[in-house]
Amino acid sequence: MRGLVSHRALSAVLTVLGLVGAFVLMAGAPARAGENTFVEVTPNPAQAGTRVSIRASCGNDNNRQAEVNSDAFGRVMLRPDNGFLTGAVTIPGNKAPGDYPVDLRCSNGNTASTILTVLNMAQPSKGPATGGGGTATGRGAGSLLLIGGLVAVAVVAGVSARRRAGSRG
């Protein structure tokens, strides 16, 4: 019976870790069109007035320049760089906040698009004196991984405690 409980506990831990891992991987995936054609902008979302990097692929045709257009920043030519097409551009400081399509046009006819979210928040000149920042809230992928790890440790500790209690009796 103990072996069955141990197997179920291990199966549950692996399932939780698998789901957390899948969530983390899917959260960072670039927008894709076609098999190997994509365009991504980082950081995204981005504050108006900041510089963003653009990385793209035109499938098997990454040795030629490609063009990216967006109302967020205009036209940018991407150049070949280590198997990808890359470029960088600064979003104008007065750009209105919103979601802007970013469209890739390759010389081989392939296209792809993604969405860039532009933020335009007033930047304070100095942050408020609120302490060390240890009370910040918000759950990201790191929090989910931490919770999954704690659950895994608790399950393993419980299984170990049961084994010890069963061997004494």
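Look above for the structure.
Below, the structure is looked at part by part.

Conventions we followed
- Residues numbered from 1 in each chain as written.
- Predicted model: local features only at pLDDT ≥ 70, side-chain atom pairs only at ≥ 80, totals over all residues.
- Heavy atoms only, no water.
- Helix = DSSP H or I, 4+ residues; strand = E, 2+ residues; numbered from the N terminus.
- Buried < 20%, exposed > 50% of the residue type's maximum accessible area, 1.4 Å probe, protein only.
- Contact = heavy atoms within 4.5 Å.
- Pairing = 2+ DSSP bridges.
- Lys, Arg positive; Asp, Glu negative; His and termini not counted.
- Salt bridge = Lys/Arg side-chain N within 4 Å of Asp/Glu carboxyl O.

## A word on the overall build of the protein chain
Broken down by element type, the protein chain carries two helices and nine strands. Its helices and strands taken in sequence order, the protein chain reads α-β-β-β-β-β-β-β-β-β-α from the N to the C terminus. In the protein chain, which comprises 169 residues, the share counted as buried stands at 27%. The contacts of the protein chain with a sequence gap of at least 6 include a subset with a gap of at least 24, amounting to 57%.

## Brief notes about the pairing of strand S7 (residues 84–90)
Side chains Leu85, Gly87 and Val89 project from S7 onto a buried face, and the interleaved Phe84, Thr86, Ala88 and Thr90 project onto a face without burial. Relative to S7, strand S6 (residues 74–81) is paired through three bridges, and the arrangement is antiparallel. Across the sheet, the residue bridging to Arg79 is Thr86, located in S7. Connecting the antiparallel pair S6 and S7 is a turn made up of two residues, with Asn82 showing a positive phi of about 55 degrees.

## Comments concerning the side chain of Lys95
Mapping Lys95 onto the fold places it in the loop between S7 and strand S8 (98–105). It turns out Lys95 is buried and unbridged, and the closest side chain with the opposite charge, Asp71, is 6.7 Å from it. Excluding residues that lie within four positions of it along the chain, Lys95 makes contacts with Ala48, Asp71, Ala72, Tyr100, Val118 and Asn120.

Interpretation note: all reported values are geometric properties and have no functional meaning in isolation.
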